[in-house]
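In case you want the letters, here they are:
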Amino acid sequence: RLLRTDDDGWHIDKYTRELVSQLRENNVNLSKVYSTLATFFGRVENVPFTKRCLRTLCGKLSREQADDDVRKTMAIFSEMKVQDSEFSYNVQVDDESRIRTLMWTNGRSKKQYHHFGDVVTFDTTYKTNLYDMPFGIFVGVNNHFQSVLYAGVLMRDETVDTFKWIFDEFVKMMGGKRPITILTDQARAMEVAIEDVYPDATQRWCKWHILKKAKESLGSNYTKKSDFRAEFHKLVHEMLTIEEFEDRWAALLEKYSLTKNTHLTQIYETRQKWAKPYFAGKFCARQTSTGRSESANHMLKQYVPPSCSMNLFVKQYNKLQFDREQEEGFQEKRTRLSGAVLKVNTPLEMHASKVYTRKMFEIFGGILYESGSYDVEEIIPKQKYIVTHVKAEKREKWFKCRYEVNVSDNLGYFSCICGLFEHMGMVCCHSLQVMNVLRLKEIPPRHILKRWSIHGRDNLPDHLKHYQQDMGPPDAPTYRHSALYITALEVVKMGDRNLESYKFMLDGLVDLRERGAKISAPNDGLGIAEQQVSNTGVAGGSNGKTKSCKAACSVRSVEGNHLSAGGATSVSVHPPASQGEGRTKSQDMASEGSCPNANSYNSDYSETASRLDVNVGDSMLAPEREKKRGRPTTSRDKAPYEKGSNKRSRFCSICRGKGHKSSTCPDRGDAPKKERKVGTCSKCGLPKKERKVGTCSKCGLPGHRKTTCSKPLVSSMPGVPPAHSFPGTFV
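Residues numbered from 1 in each chain as written. Predicted model: local features only at pLDDT ≥ 70, side-chain atom pairs only at ≥ 80, totals over all residues. Heavy atoms only, no water.

- An unreviewed UniProt entry lists the chain under the name Protein FAR1-RELATED SEQUENCE, from Aegilops tauschii subsp. strangulata.
- According to UniProt, the comment filed for the chain under the heading Sequence similarities (unreviewed entry) is "Belongs to the FHY3/FAR1 family."
- As recorded by UniProt, the Subcellular location (unreviewed entry) comment attached to the chain reads in full: "Nucleus". (UniProt positions renumbered as here; feature names shortened; annotations may be inferred.)

Below, the structure is given as structure tokens:
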């Protein structure tokens, strides 16, 4: 409602202001906010202020939200750090102490990356903030085939140095583990940075960007109703081998007379970066595009209002991450409680239903159904088989219909030329049909990738791997091991009842570990770990492993750590005093034991600016605001390589090179230019005469027309004087 002010004005009460503020923070547009308020007043006519007043109020709220932006952002990070001890972030500032790059992640994302960080997609195509800063997001896929968010980063520019800093700090935040495969767009700066920071990683281009540029460049050939579009998509999505891809590409261009199309020539020359057959042998978790990052950015638009402040952006990003974790929890519950629906009821399908999560079992069911379309021919018993499609004669000639499957390791490994297992981690339909012919009861263990199984998150350090659920019970448990194990489980159960019990039990365990270190130093070789090490022939004992784990999990923090690189400064700071010197033994143990990947964690890495003092935000400034023309929007921003000239690249028709045309080609030689054809008359067939120069119909002089002629017009009507003879007429 409206309230009277001291100067006889009017203002909106605080409850309505708070409601409007909450709605606007959650990206509700102005009209919907006004309609929502109208429901509280009965109807729109009863709202005591106009929509223009509401627009003024929203503008004022936005300005208040943007004031002291850095301090508010650091306050949010400090609060997140209190709630999550594994939360970390890093800030890069310029010479003027303005934020240049800001990256953050939390403990759950670190654990997700530890389990499923082998394949990462990274995309920076959205600018949904007040400072027009691109937002990059690291996204992966979990064992339920869902997108998981690893880290978010706001950057001021997209240069090589910026990307190097981002990729390097991302690895440090995640404990030193590097991705095997990373999918990005076609940005050259990003490609150079990845080659420098991740030299052993496989980089792939996003297939979605390739198709997007094809739509822009092919014009009428690439429409919804055109046959070319359907065949081109089949070529891009369904080709499995390099031979059939290249054969079909040549046939497609020949069929539609597009052999000289410059865009198709360009993308064909870079086919190793995006085409599906060239992904064979490279594990990509069935990802061939940055669609997961694009999708995450698209979902973020629904949470973040246009032109929002930095602190609001971080707050809304946390809401998106919470919703994604809720979806993941639903899939976990579905896998644990719901039963699998068997469609074929074969032994292989029954075994897969017990191994894979529900989503991955559904994908396996599709592969199993597809395997029924193939016949198997035995070449060498239990070694070599040829799998042929049952409708091979009806399929197009460029479609591969025969696949060779080699069996080795005593029916323990099946290798198919399609390369699906190496690319995705799931057994292909050709190998699956061979398994059915051989009447296998279970899928070979080498073809069950743990990241897709129900035990995908059950990963322990090497010296504790025998406690993983997928490893089964110990080979020969001793009495002392069983007694200690049961007692430890009882202590864990008691400590998990409430917070006071947790602290008491954890402090007791830390004290027990310290006092028992000397007593447990002598090793009689009868422990479970030592027995398994001796059985497998692995050198070393659990003692050394424990020490290395402890050293690897230790975290050092450098107060006031400033690392200058490329004209910028990377600031790393501490937690507040309540999280520093006053830490208890239980907190130290929890921090030490929370390292997700003890073996790959580099102790030289600090926790990368994860802990910022409350007063540090006062020394940093927000980036300069760079608002675009027009209204704020959340539409997709073009990548840097798309912001140049819209003109297509032209190639020489003789040598297919850039920078010149056929008339100036160095390979042209002394070939004379073709003479121009002289036009002929359509009636008599004789050559046309040269065109005469036009002349003015008033004065007869060339070079102008009668409408621009300066000669006075002489009247041809009797009794009418010429135009220049009228009084007041200027010639």
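## A closer look at the overall build of the chain
Reasoning step 1: Scanning the chain from terminus to terminus reveals 22 helices and 15 strands.
Reasoning step 2: Residues counted as buried form 43% of the 731 residues belonging to the chain.
Reasoning step 3: Looking at the chain alone, contacts between residues at least 24 apart form 63% of all its contacts between residues at least 6 apart.
Reasoning step 4: Accessible surface, the chain: about 41300 Å² in total, of which carbon and sulfur atoms supply 52%. (Helix = DSSP H or I, 4+ residues; strand = E, 2+ residues; numbered from the N terminus. Buried < 20%, exposed > 50% of the residue type's maximum accessible area, 1.4 Å probe, protein only. Contact = heavy atoms within 4.5 Å. Areas by Shrake-Rupley, 256 points an atom, 1.4 Å probe, with all protein chains shown as cover.)

## Quick word on the nonpolar core
Reasoning step 1: Grouped together as the largest cluster of nonpolar side chains are 35 residues, with contacts concentrated most on Tyr356, Met360, Phe364, Met426, Leu432 and Trp452.
Reasoning step 2: Secondary structure elements with two or more residues in this core: helix 14 (347-355), helix 15 (358-371), strand 11 (384-389), strand 12 (402-408), strand 13 (413-416) and helix 17 (429-437).
Reasoning step 3: Here the element with the most residues in this core is helix 15; it accounts for six residues.
Reasoning step 4: Shared between two domains, this core holds at least three residues of each, these being domain 2 (70-206 + 288-326) and domain 3 (347-452).
Reasoning step 5: Residues Met74, Val91, Val93 and Met620 belong to the second largest nonpolar core, which totals 33 residues. (Core = buried A, V, L, I, M, F, W, Y, C linked by side-chain atoms within 4.5 Å. Domains from an automatic or database assignment.)

## Observations regarding the UniProt feature "domain: SWIM-type" (unreviewed entry) in the chain
Reasoning step 1: Feature annotation in UniProt assigns "domain: SWIM-type" (unreviewed entry) to the following positions: residues 403-439.
Reasoning step 2: Here residues 403-439 runs as 38% helix and 27% strand, with 20 Å between its end C-alpha atoms.

## Overview of unusual backbone geometry
Reasoning step 1: Its identity as a non-glycine residue notwithstanding, asparagine 345 has a phi of 60°, on the positive side.
Reasoning step 2: With respect to the secondary-structure elements, asparagine 345 resides in the loop between helix 13 (310-337) and helix 14.
Reasoning step 3: Accessibility expressed as a relative area gives 53% for asparagine 345, which makes it exposed.
Reasoning step 4: Within the chain, asparagine 410 stands out as a residue other than glycine whose phi angle is a positive 55°.
Reasoning step 5: By the secondary structure assignment, asparagine 410 is in the loop between strand 12 and strand 13.
Reasoning step 6: Judged by relative accessible area, asparagine 410 falls into the exposed class, the value being 76%.

## Quick look at the sheet that holds strand 10 (residues 374-380)
Reasoning step 1: Spatially, the four strands line up as an open sheet ordered 10-11-12-13, and their pairing is antiparallel. The sheet is open, and its two edges are formed by strand 10 and strand 13, each paired on a single side. Direction aside, neighbouring strands of the sheet carry axes that sit 25° apart on average.
Reasoning step 2: Bridge analysis of strand 12 against strand 13 gives four bridges, and the strand direction is antiparallel. The residue of strand 13 that forms the bridge with valine 407 is phenylalanine 414.
Reasoning step 3: Helix 17 contacts strand 10, strand 11, strand 12 and strand 13 of the sheet and is inclined by roughly 70° relative to strand 10. (Pairing = 2+ DSSP bridges. Axes fitted to C-alpha atoms, helices over the stretch in contact; angles between N-to-C directions.)

## Considerations on the packing of aromatic side chains
Reasoning step 1: Tallying each qualifying case throughout the model produces 30 aromatic pairs.
Reasoning step 2: On the numbers, 5.4 Å between centres and 75° between planes, the contact of phenylalanine 122 with phenylalanine 167 is edge-to-face. Here phenylalanine 167 lies in helix 6 (residues 160-173) and phenylalanine 122 lies in strand 5 (residues 119-126), a separation of 45 residues in the sequence.
Reasoning step 3: Relative accessible area serves as the criterion here: at 0%, phenylalanine 122 is assigned to the buried category.
Reasoning step 4: For phenylalanine 167, a relative accessible area of 0% corresponds to the buried category.
Reasoning step 5: A ring pair is formed by phenylalanine 138 and phenylalanine 167, whose centres lie 6.1 Å apart and whose planes are at 80°; its orientation type is edge-to-face. Residue phenylalanine 138 is found in strand 6 (residues 135-141), and its partner phenylalanine 167 is found in helix 6; the two are separated by 29 residues along the sequence. (Phe/Tyr/Trp six-rings, centres within 6.5 Å; stacked < 30°, edge-to-face > 60°.)

## Here's the deal with the side chain of glutamine 331
Reasoning step 1: Tracing the backbone shows glutamine 331 in helix 13.
Reasoning step 2: Apart from residues no more than four positions distant in its own chain, glutamine 331 is found in contact with His144 and Gln146.

## Let's talk about helix 6
Reasoning step 1: Taking 1.5 Å of rise per residue, the 14 residues of helix 6 would be expected to cover 20 Å, and the 20 Å separating its terminal C-alpha atoms lies within 8% of that figure.
Reasoning step 2: With respect to burial, helix 6 is a largely interior element, ten of its 14 residues being buried.
Reasoning step 3: Buried within helix 6 are the following residues: Thr162, Phe163, Trp165, Ile166, Phe167, Glu169, Phe170, Val171, Lys172 and Met173.
Reasoning step 4: Just downstream of helix 6, glycine 175 is the residue with a positive phi angle, here 90°. (Expected span 1.5 Å × (residues − 1).)

## Remarks on the pairing of strand 11
Regular strands have side chains that alternate between both faces of the sheet.
Reasoning step 1: By the criterion of burial, strand 11 is predominantly enclosed, with five of the six residues buried.
Reasoning step 2: Bridge count for strand 10 against strand 11 is six bridges, and the pairing is antiparallel. Residue valine 376 lies in a different strand from strand 11, and its bridge partner there is valine 387.
Reasoning step 3: The hairpin turn running from strand 10 into strand 11, its antiparallel successor, is three residues long, and lysine 382 in that turn takes a positive phi close to 60°.
Reasoning step 4: Pairing geometry for strand 11 and strand 12, over five bridges, is antiparallel. Each residue of the ladder has a partner; that of valine 387, found in strand 12, is tyrosine 403.

## Re the pattern of salt bridges
Reasoning step 1: Inspection of every chain in the model, using the stated rule, returns 21 salt bridges.
Reasoning step 2: With a shortest N-O distance of 3.6 Å, glutamate 328 and arginine 108 are connected by a salt bridge. Placement of glutamate 328 in helix 13 and of arginine 108 in helix 5 (residues 107-116) is noted, with a sequence separation of 220 residues between them.
Reasoning step 3: Of the residues examined, arginine 108 reaches a relative accessible area of 39% and is grouped as partly exposed. (Salt bridge = Lys/Arg side-chain N within 4 Å of Asp/Glu carboxyl O.)

## Some thoughts on the packing of helix 2 (residues 30-41) against helix 3 (residues 51-66)
Reasoning step 1: As a packed pair, helix 2 and helix 3 sit with axes 10 Å apart at the nearest point and diverge in direction by 115°. With respect to the hand of their crossing, helix 2 and helix 3 are arranged in right-handed fashion. Every residue of helix 3 that contacts helix 2 at Leu30, Ser31, Val33, Tyr34 and Leu37 is listed here: Lys51, Leu54, Arg55 and Cys58.
Reasoning step 2: Grouping the amino acids of the contact of helix 2 with helix 3 by side-chain chemistry returns six nonpolar, one polar and two charged. (Left-handed = near helix turned anticlockwise from the far one by under 90°. Nonpolar A, V, L, I, M, F, W, Y, C, P; charged D, E, K, R; others polar.)

## Some remarks on a nonpolar patch on the surface
Reasoning step 1: On the surface, a nonpolar cluster with roughly 290 Å² of combined accessible area is contributed by Tyr485, Ile486 and Leu489.
Reasoning step 2: Checked against the element boundaries, isoleucine 486 lands in helix 18 (residues 479-495). (Patch = residues over 30% accessible without salt bridge, like charges linked within 9 Å, V, L, I, M, F, W, Y side chains within 5 Å.)

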